[in-house]
Amino acid sequence: MAQKKSNLMWGGRFAAGQDSLMEEINASIEFDKRLAEQDILASKVHAKMLSKQNIISESDCKSIVKGLDLIASQIKKNEFVFDRALEDIHMNIEAQLKEIIGEPAGRLHTARSRNDQVATDFRLWVRDQIDLSQKLLRGLIETLLAQADSGVDWVMPGFTHLQMAQPVTWGHHMLAYVEMFSRDLSRFSDARDRMNECPLGAAALAGTSFPINRETTSSALNFKAPSANSLDAVSDRDFALEFLSSSSICAMHLSRLAEELVIWSSAQFKLISLSDRFSTGSSMMPQKKNPDAAELIRAKVGRIFGANVALMMVMKGLPLAYSKDMQEDKEQVFDAADNLTVALAAMTGMIKDLKANKENMEAAAHFGFSTATDLADWLVQNLNLPFREAHHITGQIVLIAETKKCDLCDLDLGEMQEVDDRITEDIYSVLSVHQSVASRSSYGGTAPSQVRSQINRWRDILDL
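In what follows, the accompanying structure is described.

What counts as what
Residues numbered from 1 in each chain as written. Predicted model: local features only at pLDDT ≥ 70, side-chain atom pairs only at ≥ 80, totals over all residues. Heavy atoms only, no water. Axes fitted to C-alpha atoms, helices over the stretch in contact; angles between N-to-C directions. Helix = DSSP H or I, 4+ residues; strand = E, 2+ residues; numbered from the N terminus. Parallel < 35°, antiparallel > 145°, perpendicular 65-115°, else oblique. Left-handed = near helix turned anticlockwise from the far one by under 90°. Nonpolar A, V, L, I, M, F, W, Y, C, P; charged D, E, K, R; others polar. Expected span 1.5 Å × (residues − 1). Contact = heavy atoms within 4.5 Å. Phe/Tyr/Trp six-rings, centres within 6.5 Å; stacked < 30°, edge-to-face > 60°. Buried < 20%, exposed > 50% of the residue type's maximum accessible area, 1.4 Å probe, protein only. Lys NZ or Arg CZ within 6 Å of the ring centre and 35° of its normal. Pairing = 2+ DSSP bridges. Core = buried A, V, L, I, M, F, W, Y, C linked by side-chain atoms within 4.5 Å.

Relative to each other, helix α7 (residues 114-150) and helix α8 (residues 170-195) sit at 165°, their axes nearing to 9 Å. The orientation of α7 relative to α8 falls into the category roughly antiparallel. The element α7 and its partner α8 pack so that their crossing is left-handed. When grouped by side-chain class, the residues that make up the contact of α7 with α8 number 18 nonpolar, seven polar and six charged.

So this is what it looks like as structure tokens:
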């Protein structure tokens with residue numbers, strides 16, 4: 001029975017049935033049923049265009065659209081039975097349409113192929129996913145801005161090599177991720193603009209002899225234009241690769257932030273506290289509060305990176321136009337999209353809920369002689385020393401402080417003058433962490449005045 005149903009779609013050429021293993025390797029309905037909404041939308045638009053061009057009758061068009069609406073309702077209510085023998089979402093919907101409206105269903109496939117059909121459906125799905133990713137990114141950026149606003153002048157350690165480097169402000173650190181995620185927004189926007197061409201009407205690979213109007217279908221599906229080359233239209237998966245590439249970079253940024261949350265929330269750092277909503281405990285150790293959400297975000301990067309590489313490997317050796325290899329283009333995209341979506345949502349929740357420990361951050365900012373660069377800069381600016389000489393003198397002073405196990409600001413003036421007798425009492429004006437961050441007032445710097453300016457700039461950009 002299943003073989004007979006399948007043959008109704010394409011089996012006229014074949015005298016014998018398929019081996020059961022062929023059905024196993026060929027069927028894609030388990031995953032491409034996610035394209036049902038896009039497939040029904042594109043089919044309705046195609047039917048209306050065929051009617052408008054007098055390729056099918058108006059009554060057949062109305063029957064097709066009504067039947068497709070009923071199928072959409074069945075799918076939404078989980079009343080639609082997906083049949084593996086019918087291979088994919090396109091043939092499942094067409095078979096059900098025939099069950100509902102009869103002979104007119106066979107006219108829907110006029111002037112199109114599953115090649116341009118799936119290229120259109122998949123492109124619509126990816127476009128929708130890009131829109132969702134951008135919405136989630138905006139939410140994350142707004143949450144980071146709120147954190148930055150709460151700690152414009154809160155001092156914290158700034159690291160290089162995960163070693164104390166210079167003090168920075170909490171607001172400045174949050175804004176660094178605003179910049180990162182804003183570039184992700186831009187990448188998704190660029191990808192969306194490039195992919196927003198409609199393949200429908202390219203047919204199998206060479207276009208069609210029917211007098212279709214591709215501008216009509218393109219406009220109805222909110223594409224900016226029909227694709228200009230039918231061969232490229234059915235064989236292009238750049239839109240999916242660009243989505244995966246943009247997702248990979250975004251996931252990498254999420255992973256970097258997740259890593260910092262893991263470090264900052266540890267007992268050794270105590271710079272932040274994560275909420276219970278995004279933490280877990282231990283089945284054995286009752287004291288544990290684990291940053292599992294952050295760790296899982298960090299791990300999901302591998303799946304998203306892997307999806308990107310997998311699809312490139314699928315596409316790298318394919319001649320024009322369509323090859324069945326391209327059926328392997330969807331599962332990894334779906335998986336990457338799902339994981340990016342949950343990672344963005346979870347990160348937004350964590351950032352919204354976390355509490356920055358102002359006192360601990362300021363205390364940590366004093367460790368590691370964090371104002372040593374300020375001391376060197378003072379020597380350059382006030383004693384007119386070459387920076388390399390100032391660097392050497394500062395290093396000697398740091399060694400004294402390290403030996404005494406004290407901070408630079410706790411050294412006696414005489415101890416510093418033993419290194420260079422030109423140093424004056426004014427040196428203490430630059431050795432506190434608050435003075436240090438306040439002095440970094442160059443554009444894009446960590447000074448609270450600059451942080452406030454950047455917060456306002458981003459609120460203007462995002463129209464907040």
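Next comes the rest of the description.
Every α-helical turn comprises 3.6 residues, leaving residues that sit three or four positions apart pointing alike. With 12 residues, helix α15 (residues 372-383) should cover 16 Å at 1.5 Å per step; its first-to-last C-alpha distance of 16 Å lies within 8% of that length. The secondary structure elements touched by the buried residues of α15 are α16 (387-404), α17 (413-417) and α18 (433-439). At the exit of α15 stands N384, carrying a positive phi of roughly 55°.

Let us now look at the packing of aromatic side chains. All told, the structure shown has eight aromatic pairs when counted by the stated rule. Between W170 and W264, the aromatic rings sit 5.6 Å apart at their centres with planes inclined by 55°, giving tilted as the arrangement. Taken together, the residues W170 in helix α8 and W264 in helix α11 (residues 238-264) connect sequence positions 94 residues apart. Like W170, the residue W264 is buried in the burial classification. By the ring-pair criterion, three or more aromatic residues cluster together here, those being F122, W125, F239 and F334. The positively charged end of R34 is found above the aromatic ring belonging to F334, 4.9 Å away from the centroid. The residue whose ring lies beneath K330 is F122, and the NZ or CZ to ring-centre distance is 5.6 Å.

With 19 residues, helix α5 (residues 58-76) should cover 27 Å at 1.5 Å per step; its first-to-last C-alpha distance of 27 Å lies within 8% of that length. All buried positions along α5 are accounted for by D60, C61, I64, V65, G67, L68, I71 and Q74. Downstream of α5 by a residue or two, N78 has a phi angle that is positive, lying close to 60°.

Before going further, it helps to spend a moment on the pairing of strand β1 (residues 155-160). Bridge analysis of β1 against strand β2 (residues 163-169) gives six bridges, and the strand direction is antiparallel. Residue pairing across strands places G158 opposite Q166, the latter belonging to β2. Between the antiparallel neighbours β1 and β2 lie two residues, among them H161 with a positive phi of about 60°.

Moving on: unusual backbone geometry. Between L320 and the following residue, A321, the backbone shows a cis peptide bond with an omega angle of 10°. Structurally, A321 is set in the loop between α12 (292-315) and α13 (331-353). Of note, K270 is a non-glycine position whose phi angle comes to about 55°, a positive value. Position of K270 among the secondary structure elements: in the loop between α11 and β5 (272-273).

This part takes up the nonpolar core. Within the largest apolar cluster, 96 residues are counted, with the highest numbers of intra-cluster contacts made by W170, L254, L261 and M347. Looking at this core, the element that brings in the most residues is α11, giving 14 residues. Counting 22 residues, the second largest nonpolar core, distinct from the first, contains A376, L385, I397 and M416.

Attention shifts here to the environment of P199. By the secondary structure assignment, P199 is in the loop between β3 (197-198) and α9 (214-220). For P199, the contacting residues outside a window of four places in its chain are D116, A119, T120, R123, R214, S227 and A233.

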